[in-house]
Amino acid sequence: MVVVRLNKLLITAVAVCGVLLLSTDTALAQVEKATITINPESSTVQVEVSGAPQKSWSFRDTYAGVIGLGRKIRNFQALDTPGARNSVRELAPGHYELGATASSVTYEVDLTPPTRASDAAFVSWLNSQRGILQLNDLLPVAIRQPGSAVKPIFTTVDAPVGWSAYVNEEVAAMRPLGFAAADDAVIIVGRNVRRAVRESSGNQFKLLIDGAWPFSDQEATDTLLKVIQLHSEIGALPCSQVTLVLSTFPGGTSAANNWSAETRGCNVTLLMGQTPSRVGALAELGNALTHETFHLWIPNGVVLSGDYDWFYEGFTMYQAARAAVRLGLVTWPEFLNAIARAYDGSVGSPAVQSLSLIDASNQRWTVGASTVYSKAMVVAFLYDLNLRHQTGGKRSLDNVYRRIFRAHPRRSAVKKVPADGNTAATTALQAELSSQNFVGRFISAPVSVDLRQELAPFGLRVEKLVRTHISVGDDLSKRQRDLLKQLGYNEPRAKKIARAVGTDS
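Everything numeric here is computed off the predicted structure, so don't read it as measured data.

Draft legend 1. Just the nonpolar core, in detail. Leu270, Trp310, Phe311, Phe315, Phe381, Ile443 and Leu460 are the most contacted members of the largest nonpolar core, which totals 99 residues. For this core, the element with the most residues is helix H10 (residues 369-390), which contributes 13 residues. Beyond its immediate stretch of four places on either side in the chain, Ile443 contacts Trp310, Phe315, Ser356, Leu357, Ile358, Val379, Thr426, Leu429 and Phe438.

Draft legend 2. Molecular detail of the state of the cysteines. Under the defined criterion, the tally for this structure stands at 1 disulfide. Bridging Cys239 to Cys266, the disulfide has an S-S length of 2.0 Å. The chirality of the disulfide connecting Cys239 with Cys266 is left-handed, given an S-S dihedral of about -85°. Within this pair, whereas Cys239 is found in the loop between helix H3 (217-231) and strand S23 (241-248), its partner Cys266 is found in the loop between strand S24 (259-264) and strand S25 (267-272), the two being separated by 27 residues in sequence. Taking the relative accessible area as the measure of exposure, Cys239 reaches 2% and is therefore buried.

Draft legend 3. A look at empty space enclosed by the protein. There is about 80 Å³ of room inside the largest cavity. Surrounding the largest cavity, Leu230, His231, Glu233, Ile234, Phe294, Gln319, Arg322, Ala323, Arg326 and Asp398 form its lining. Among the elements of the structure, H3 and helix H5 (309-326) are those that each provide at least two residues to the lining of the largest cavity. In terms of residues, the lining of the largest cavity owes the most to one element, H5, which gives 4 residues.

Criteria and cut-off values
Residues numbered from 1 in each chain as written. Predicted model: local features only at pLDDT ≥ 70, side-chain atom pairs only at ≥ 80, totals over all residues. Heavy atoms only, no water. Core = buried A, V, L, I, M, F, W, Y, C linked by side-chain atoms within 4.5 Å. Buried < 20%, exposed > 50% of the residue type's maximum accessible area, 1.4 Å probe, protein only. Helix = DSSP H or I, 4+ residues; strand = E, 2+ residues; numbered from the N terminus. Contact = heavy atoms within 4.5 Å. Disulfide = S-S within 2.5 Å. 1 Å grid on protein atoms, 1.4 Å probe; cavity = no way out; pocket = protein on both sides within 12 Å on 5 of 7 lines; lining within 4 Å. Points joined across faces, edges and corners; volume = space filled by probe spheres on them.

Shown next as structure tokens:
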């Protein structure tokens with residue numbers, strides 16, 4: 001998870017997004033059937049599940065930095081074993097021990113929306129108008145052996161009159177749905193939920209949207225497809241079906257230009273603040289999707305393991321910023337401002353500066369995940385500049401992603417043992433930029449980036465007033481000018497005229 005805020009549509013290192021890595025050793029495997037009854041007035045759901053008989057039942061207590069989920073489980077009871085019904089011990093929040101094995105249990109879950117609005121993209125919540133249900137924190141978890149088969153979980157959602165419930169393309173109210181990968185399952189419920197479907201290039205794209213927005217559902221889908229098409233340059237979309245769940249924050253009071261998102265498998269959940277302007281709201285949507293949909297490729301589209309968030313979050317922040325420039329969502333000065341903000345967000349943490357990016361990523365919940373990702377975004381910018389300069393603009397960070405995506409595809413007929421993500425990323429980075437030990441300097445070893453020194457060779461000027469400011473220098477060489485144009489620099493007309501008459505270099 002990275003903490004990133006969009007301020008006046010500038011991509012910086014502080015909107016909120018996250019990603020669910022596919023797990024190889026945990027699953028909701030003991031549950032075969034589940035019925036979820038929605039009680040919006042009390043922000044609770046009543047859940048009844050059945051599956052393999054067992055005495056111990058456990059629920060997640062923490063996810064994506066959100067803690068205390070186990071405390072939301074209440075009134076846990078066994079249904080099919082009279083003795084067990086009256087003998088329930090809560091060993092710890094969300095961990096229950098029965099007096100005898102039971103194959104069917106019931107319990108209540110408190111789905112009061114989280115205090116921190118950004119957390120609502122990662123966990124289940126419900127209010128009187130709408131809600132988002134995530135099966136990975138509503139159903140019990142179990143440990144399974146790697147390689148063992150996962151049976152689908154058939155789930156029925158019992159919604160109140162006037163409510164709809166959607167998951168992917170199907171109406172969920174009062175009918176069972178089979179989830180092959182329950183960790184990826186996201187259900188949106190509410191009074192004003194609707195669905196739009198689009199076929200494109202052999203793939204299916206679904207929009208599950210709640211509430212009124214200044215843009216149309218068609219415009220939202222168009223934006224999704226534009227972003228997907230651009231990202232597809234690194235490799236074919238690894239999903240035959242992509243679902244975007246779009247809703248407002250549960251409190252409805254979050255400021256405009258703020259967003260929070262998570263990608264689970266091929267499903268993207270995006271919560272956004274309300275922006276009254278149609279143009280502004282579409283730009284906000286596009287900015288959020290440039291980052292979040294890239295996770296369909298990295299890390300969800302590859303078979304890699306370990307804590308390499310510096311790459312799949314931090315480098316993705318830079319990749320998303322470049323995509324936003326290409327799509328016309330932000331300007332070149334705004335792009336440079338995003339890099340400057342990320343730099344300021346990283347240098348203020350001595351703990352992060354004293355660690356390599358790899359080590360800081362391993363300790364991100366201690367030293368501050370947003371700071372780690374901010375530094376990685378700056379490093380990604382430096383890497384891309386150096387690679388483009390070394391190859392005369394013929395190669396870029398895109399080539400690194402293509403290399404990783406080809407070497408470790410998830411959509412493969414051959415099941416692979418996940419490779420280490422840090423090794424895969426650093427190997428690909430080093431293979432492309434071979435003329436210098438960039439990886440050793442900026443990723444594998446501790447470093448405090450001297451931004452002024454690192455950007456000077458590329459014709460970029462760094463000034464530090466209250467905040468860092470990056471701008472294009474006055475005297476660019478042709479090579480510097482051509483390189484910056486690749487990233488979105490549009491030379492001012494006055495400079496073009498000056499060069500044409502021979503008064504500028």
